[in-house]
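Listed below, chain by chain, are the residues.
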Amino acid sequence: KQEVTQIPAALSVPEGENLVLNCSFTDSAIYNLQWFRQDPGKGLTSLLLIQSSQREQTSGRLNASLDKSSGRSTLYIAASQPGDSATYLCAAAYSGAGSYQLTFGKGTKLSVIP
Amino acid sequence: DTGVSQDPRHKITKRGQNVTFRCDPISEHNRLYWYRQTLGQGPEFLTYFQNEAQLEKSRLLSDRFSAERPKGSFSTLEIQRTEQGDSAMYLCASSQSSGMIPYEQYFGPGTRLTVT
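Quantities reported herein were computed from a predicted structural model and do not represent experimental measurements. (Residues numbered from 1 in each chain as written. Chains lettered and ligands numbered in written order. Predicted model: local features only at pLDDT ≥ 70, side-chain atom pairs only at ≥ 80, totals over all residues. Heavy atoms only, no water.)

Colleague: Help me understand the state of the cysteines, please; the structure alone is not making it clear to me.
Modeller: Under the criterion given, the structure shown has two disulfides over all chains. What pairs with A:Cys23 in a disulfide is A:Cys90, and their sulfur atoms sit 1.9 Å apart. Measuring handedness by torsion sign, the sulfur bridge of A:Cys23 and A:Cys90 sits at about 75° and is right-handed. Taken together, the positions of A:Cys23 in strand β3 (residues 19-25) and A:Cys90 in strand β9 (residues 86-94) put the pair 67 residues apart, joining distant regions of the chain. Across the pair, exposure class does not vary: A:Cys23 and A:Cys90 are buried alike. Across a sulfur-sulfur distance of 1.8 Å, B:Cys23 and B:Cys92 are joined as a disulfide pair. When the S-S torsion is -65°, as for the bridge of B:Cys23 with B:Cys92, the disulfide is left-handed. Separated by 69 residues along the polypeptide, B:Cys23 in strand β3 (residues 19-24) and B:Cys92 in strand β9 (residues 88-95) bring together distant segments of the chain. Taking relative accessible area as the criterion, B:Cys23 reaches 0% and is therefore assigned buried. (Disulfide = S-S within 2.5 Å. Helix = DSSP H or I, 4+ residues; strand = E, 2+ residues; numbered from the N terminus. Buried < 20%, exposed > 50% of the residue type's maximum accessible area, 1.4 Å probe, protein only.)

Below, the structure written as C-alpha cells:
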C-alpha cells in the first residue's frame, strides 16, 4: 500500500526563522510529488510540483527537494512570516491504474509567531 | 480563468436525504478528480474522469455515491441516503493531460457537508 507520512504533525517557529517540513513515501515509483498549502476550512493551494526526474523546485521563498531513492521530500521555507501559518500537505502521484491520483500525508500545521 | 469552482460551499442536511455537489474545472483541463477530506486527515481519492469517461473509482465510493461529467465539462457528485459518516469536505481538482499523462492538479475551495 502506498503511504505518505509527514513529520512533525505541528510546528511552531518565531518569525524570520528558516524551516524545513518533511515528507516520506513508501513507494519510490512515484510519478510526481506536489506540495500544497491549506488554510483552515479552505481548499488546497498548489505550491510546488516536482517531477520524478527532478531533484528540486523553487518558487520565491520556497524550495522543495525530492530524493526518490530514500523516499523523501522536503519543503524549505526561508525567512518565515506570520502569513505562512497554515497546514502544509505533500502528495505523491503514482501511475497505478492510470489515474495518477494523489496520495496525501496528514499534513504539518505550521504556526509562525510574530 | 478563475480556477476550479465548487457549489455549494457549505451544505447541511439531515440523515437519509440526498445531496448533490457541482464542480466546474479550469476550462481547458480534461481530467477531473474528486477527493474527500475529514478533520485532521489528508484528502482521499474518490474518483476521476478523463473527459466524460469515469475511469477509476475508489473503494471509498460506496454504491450510495455517484458521479457524472456530462460532455466532459462540469461534474456532479451525488450522495444518496446520507449518513453521519459522510460528513466531510468534498474537494474537486482538475488537470491537463498529454495523452494519459497528467500535469499538476489544481483544487477548488471544497464543499463542506454536515449530516445531522
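From this point, things continue past the structure.
Colleague: Explain the interface of chain A and chain B here, please?
Modeller: Accessible area lost upon the coming together of the parts serves often as the stated size of an interface. Opposite the 20 residues of chain A that make contact, chain B presents 22 residues. Surface buried jointly by chain A and chain B totals about 1800 Å² across both partners, of which 53% is contributed by carbon and sulfur atoms. Where chain A packs against chain B, one counts zero salt bridges. Where chain A meets chain B, there are seven residue pairs in polar contact (both at pLDDT 80 or more). If you tally residues by element for the side of chain A that touches chain B, the top one is strand β4 (residues 30-38) of chain A, at four residues. Of the residues belonging to the side of chain A that touches chain B, the class tally is nine nonpolar, nine polar and two charged. (Contact = heavy atoms within 4.5 Å. Buried area = accessible area lost by both parts, 1.4 Å probe. Salt bridge = Lys/Arg side-chain N within 4 Å of Asp/Glu carboxyl O. Polar contact = N/O pair within 3.5 Å; in protein donor to acceptor, adjacent residues only side chain to side chain. Nonpolar A, V, L, I, M, F, W, Y, C, P; charged D, E, K, R; others polar.)

Colleague: I keep staring at the layout of surface pockets and nothing clicks. Help me out?
Modeller: Empty pockets left among the atoms are what a rolling probe the size of a water molecule brings to light. Of the pockets and cavities examined, the largest pocket occupies roughly 810 Å³. A:Lys1, A:Gln2, A:Gln101, A:Thr103 and B:Glu44 are, among the 27 residues lining the largest pocket, the residues nearest its centre. Residue classes in the lining of the largest pocket are distributed as eight nonpolar, twelve polar and seven charged. In this structure, the second largest pocket spans a volume of roughly 460 Å³. Every residue lining the second largest pocket is counted, 23 residues in all, and those nearest its centre are A:Gln38, A:Thr87, B:Gln37, B:Leu39 and B:Gly40. Looking at the lining of the second largest pocket, the elements with two or more residues in it are β9 and β11 (108-113) of chain A. In terms of residue count, β11(A) provides more of the lining of the second largest pocket than any other element does, four residues in total. (1 Å grid on protein atoms, 1.4 Å probe; cavity = no way out; pocket = protein on both sides within 12 Å on 5 of 7 lines; lining within 4 Å. Points joined across faces, edges and corners; volume = space filled by probe spheres on them.)

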